[in-house]
Amino acid sequence: MISLQKLGATVGAEVLGVDRDRFVHDEDLPSACLQALEDNGVLVFRGVHLDDQTQVAFCNRLGDIHRFPTHPIPEISIVSLDPSKSAVAEYLKGTFDWHIDGTTDEVPNMATVLSAHALAEDGGQTEFASTYAAYDLLSPDEQQRYGSLRVLHSFEAHQRRLNPNPSPEVEADWATRPKREHPLVWRHRSGRCSLVLGATASHVVGWDIAPGQKLLEDLLARATAGDRVYRHEWSLGDTVIWDNRGVLHRVCPYDPTSPREMHRTTILGDEAIA
Ligand code: OGA
Ligand code: MN
C-alpha cells in the first residue's frame, strides 16, 4: 500500500512516506508503483537520495531495463549538458522540447526514472502533461476524424527544431537515424486512448506537410496548455518516474555550463503503439 497526493488535475502524484529503505526492502512497492503510474502518469518521491545501485535494483523490479554496454554502470545514463559527463550532451538539448521517450523505437519505453544528483541554479524544472487527457479533450468529431491518421516520428524531426540549418554532414548523420510510423491515436491494451505527439512527430503520413505539421502543433499546444501541466521543481535527492505510454515531458531551459546532473534509468515497454 502506498499513500498518494495528487499534484496536478490530470497528471502527477507524490508518493508519501517512502524512504530509501523501503525502495530496498518493501516487496510490494514495485507493483503498487506500477499501478499508481498507470493512474497518475508521474510519480514523485521527494528527498529519497537513491544511490545508483538502489535505483537499478528497484527499476529491475519494475520491468526490463535498457542497458548501455559502454556506461560504467550499464543501466545508468547521466543526463547533463556537460560533454565530459554525457557523450550525447549535444542531443540532450532536445529535452527542452515536449517529447515522449522512445517514439522511434519499435516499442516505446514504458517508463523513465530520474534522480537529482546536482541542480541547476536557474531553470531545469521538468514539466509533464497527460496524453490520455489530450485525447479526452478532443470533441467526438475530432476523435473520429483523427482516429485513423498516421504520423512519422524521427530523430531528424526532433533535432531539426534545435538546428534548422544543418551542415550536409549533420544532415547525412540524421538520415542514418531511426524513423518510425505510429498511429496518432494509441488504443492501449487497457482500453484507454492517448495521442502520440511531441518533438519527434515529423508530419502526418499521406497529407501535405504544412497542414499535417499545423495539426500536430495545435494538438500539442492543447495537450500542454498551462493548467494541464505539472511542473516539478527539483530538490536534491528527488526521484521522479514517468510513464511514456501516457505522458509528454520537457525540461525548462538551463545553462549548458550548469552543474545539473540527473541519473536516469529506462524501463523498456512491452506494448507497441497500435
Ligand atoms: C530524459 C529527459 C528531462 C530532464 O531524460 O528523457 O527528457 O529533466 N529529461 O532532464
Ligand atoms: Mn526525455
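Going by the structure above, here's the rest.
No experiment lies behind these values; they were computed from the predicted model shown.

About the criteria used
- Residues numbered from 1 in each chain as written.
- Chains lettered and ligands numbered in written order.
- Predicted model: local features only at pLDDT ≥ 70, side-chain atom pairs only at ≥ 80, totals over all residues.
- Heavy atoms only, no water.
- Helix = DSSP H or I, 4+ residues; strand = E, 2+ residues; numbered from the N terminus.
- Expected span 1.5 Å × (residues − 1).
- Buried < 20%, exposed > 50% of the residue type's maximum accessible area, 1.4 Å probe, protein only.
- Arc of directions from axis to C-beta.
- 1 Å grid on protein atoms, 1.4 Å probe; cavity = no way out; pocket = protein on both sides within 12 Å on 5 of 7 lines; lining within 4 Å.
- Points joined across faces, edges and corners; volume = space filled by probe spheres on them.
- Nonpolar A, V, L, I, M, F, W, Y, C, P; charged D, E, K, R; others polar.
- Near = heavy atom within 4 Å.
- Polar contact = N/O pair within 3.5 Å; in protein donor to acceptor, adjacent residues only side chain to side chain.
- Areas by Shrake-Rupley, 256 points an atom, 1.4 Å probe, with all protein chains shown as cover.
- Sits in = over half its atoms within 2 Å of the grid points.
- Salt bridge = Lys/Arg side-chain N within 4 Å of Asp/Glu carboxyl O.
- Pairing = 2+ DSSP bridges.
- Donors = N, O, S within 2.8 Å, 3.2 Å for Na, K, Ca; no water.

Enquirer: Would you mind showing me how to read helix α8 (residues 209-223) here?
Expert: Given 3.6 residues per turn, any residue in an α-helix points the same way as the ones three and four places further on. With 15 residues, α8 extends 21 Å from end C-alpha to end C-alpha; this agrees with the ideal 21 Å at 1.5 Å per step. All of the buried residues along α8 are Gly212, Leu215, Leu216, Leu219, Leu220 and Ala223. In a view along the axis of α8, the buried residues occupy a sector of 130°, so they form one face of it. Facing away from the buried side of α8 by over 90 degrees, the exposed positions are Ala210 and Glu217.

Enquirer: Explain the layout of surface pockets here, please?
Expert: Gaps left between atoms are located by rolling a probe of water-molecule size over the structure's atoms. Approximately 1300 Å³ is the volume found for the largest pocket. If you list the elements that add at least two residues to the lining of the largest pocket, you get β4 (77-79), β5 (111-118), α6 (155-162), β14 (247-251) and β15 (261-267). Here the residues of the lining of the largest pocket sort into 19 nonpolar, 20 polar and eight charged. In this structure, the second largest pocket encloses a volume near 380 Å³. Lining the second largest pocket we find 21 residues, and of these Ala157, Arg161, Ala199, Ala201 and Ser202 sit closest to its centre. At the level of secondary structure, the elements contributing two or more residues to the lining of the second largest pocket comprise β7 (150-154), α6, β11 (201-204) and α8. Its residues placed into classes, the lining of the second largest pocket shows nine nonpolar, five polar and seven charged.

Enquirer: Can you walk me through the site of ligand 1 in this structure?
Expert: By nearness alone, every residue bordering ligand 1 is listed as Val79, Thr95, His99, Asp101, Leu114, Thr126, Trp242, His249, Val251, Arg260 and Arg264. A distance of 2.7 Å separates an oxygen atom of ligand 1 from a polar side-chain atom of Arg264. Surface burial for ligand 1 is 99%, taken as the share of its 290 Å² of free accessible area covered by protein chains. One can see that ligand 1 is located within the largest pocket.

Enquirer: Would you mind showing me how to read the pattern of salt bridges here?
Expert: As a working rule, side chains carrying opposite charge can pair if their charged atoms are close by. Under the criterion given, the structure shown has 22 salt bridges. A salt bridge links Asp101 to Arg264; the shortest N-O distance between them is 3.0 Å. With a gap of 163 residues between them, Asp101 in the loop between β4 and β5 and Arg264 in strand β15 connect regions that are remote in the sequence. An identical accessibility class is assigned to Asp101 and Arg264; each is buried. Between Asp270 and Arg189 there is a salt bridge; the shortest N-O distance is 3.1 Å. In this pair, Asp270 is assigned in the segment after β15 and Arg189 in the loop between β9 (185-187) and β10 (193-195), connecting sequence segments 81 residues apart. Pair check on accessibility: Asp270 and Arg189 agree, each one exposed.

Enquirer: Mind showing me how you'd approach the pairing of β7 here?
Expert: Within a regular strand, the side chains alternate between the two sheet faces. Summarising burial for β7: four of the five residues are buried, a large majority. Two elements, β7 and strand β8 (residues 179-183), share five bridges in a ladder whose sense is antiparallel. Its bridge partner being in β8, Leu152 is matched across the sheet by Glu181. Where β7 and β11 come together, three bridges link them in antiparallel fashion. Paired with Val151 across the bridge in β11 is Val204.

Enquirer: Sorry if this is basic, but what is going on with the coordination of the manganese ion (ligand 2) here?
Expert: Four donors placed tetrahedrally around a metal ideally meet at 109.5 degrees, and six donors placed octahedrally ideally meet at 90 or 180 degrees. Distances from the manganese ion (ligand 2) to its protein donors, His99 (NE2), Asp101 (OD) and His249 (NE2), fall at 2.1 to 2.2 Å. In the primary sequence, the donor residues of the manganese ion (ligand 2) line up as H-x1-D-x147-H. Of this pair, Asp101 sits in the loop between β4 and β5 while His249 sits in strand β14, placing them 148 residues apart in sequence. In this pair, the class of Asp101 matches that of His249, namely buried.

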